[in-house]
Amino acid sequence: KQWYQRRVRGKRFLAEKEWEKLETYSWYRKPGSIPMRIFGLLISFAMKVNDVHDYLTKEANVPPFVSVIGLIAIPLFVSLLIFLACISTAHTLWGKPKAPHTI
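Fair warning: this is a prediction, and the values are worked out from it, not measured in the lab.

1. Some words on the overall build of the chain
- Counting its secondary structure elements, the chain contains four helices and zero strands.
- Reading the chain from its N end, one meets helices and strands in the order α-α-α-α.
- Within the chain, buried positions represent 7% of all 103 residues.
- When the accessible surface of the chain is split by element, carbon and sulfur atoms take 65% of a total near 9,900 Å².

Rendered as structure tokens:
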């Protein structure tokens, strides 16, 4: 089988489904599938985090290690707060779980 590498520019290639003519793909590898959309969102999120890091280090003159620590610590802290809010809501709605009987 011959392999060809093709560079795609613009959204026309995807809109006109020209990618189907090149090679058949599994459902999860098609550009419009849910896994590929999630992957695209993760890539765009990573690019935005990189933009924030560049802004902090170049324009705000924050040391790079402080920027990296902040970009790691802030999402972890927010995730912890969301987790605690979910647990608190679950305990409010359904009550705290009962301890198992011990012999």
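Following the structure, the description resumes.
2. Some words on helix α3 (residues 34–59)
- Helix length check: α3, at 26 residues, gives a terminal C-alpha distance of 37 Å against a target of 38 Å (1.5 Å per residue), a fit within 8%.
- Of the residues one or two after α3, N61 is the one with positive phi, at around 55°.

3. Let's talk about the packing of aromatic side chains
- One pass over the structure, following the stated rule, counts one aromatic pair.
- With a centroid separation of 5.7 Å and an interplanar angle of 85°, the aromatic rings of W27 and Y28 are classed as edge-to-face.
- On the basis of relative accessible area, Y28 is assigned to the partly exposed category, the value being 40%.

What counts and what doesn't
Just so you know, the residues in each chain are numbered from 1, in the order the chain's sequence is written. Only residues with pLDDT of 70 or above have their local features reported here, since the model is predicted, and side-chain atom pairs are shown and tallied only from 80 upward, although totals for entire chains, interfaces and linings are computed over all residues. Neither water nor hydrogens contribute to the side-chain values; these are computed over all heavy atoms in the structure. The helix and strand labels rest on DSSP assignments: H or I over at least four residues marks a helix, E over at least two residues marks a strand, and numbering proceeds from the N terminus. Burial classes follow relative accessibility: with a 1.4 Å probe on protein chains only, a residue under 20% of its type's maximum area counts as buried, one over 50% as exposed, and anything between as partly exposed. All accessibility values rest on the Shrake-Rupley procedure with a 1.4 Å probe; residue burial counts only the protein chains present in the view. Given the number of residues in a helix, its expected span is that number minus one, multiplied by 1.5 Å. Each Phe, Tyr or Trp ring (for Trp, its six-membered ring) is paired with any other whose centre lies within 6.5 Å, and the angle between the two planes then decides the class: stacked below 30 degrees, edge-to-face above 60, tilted in between.

Everything listed is a geometric property; what it means functionally is a separate question.
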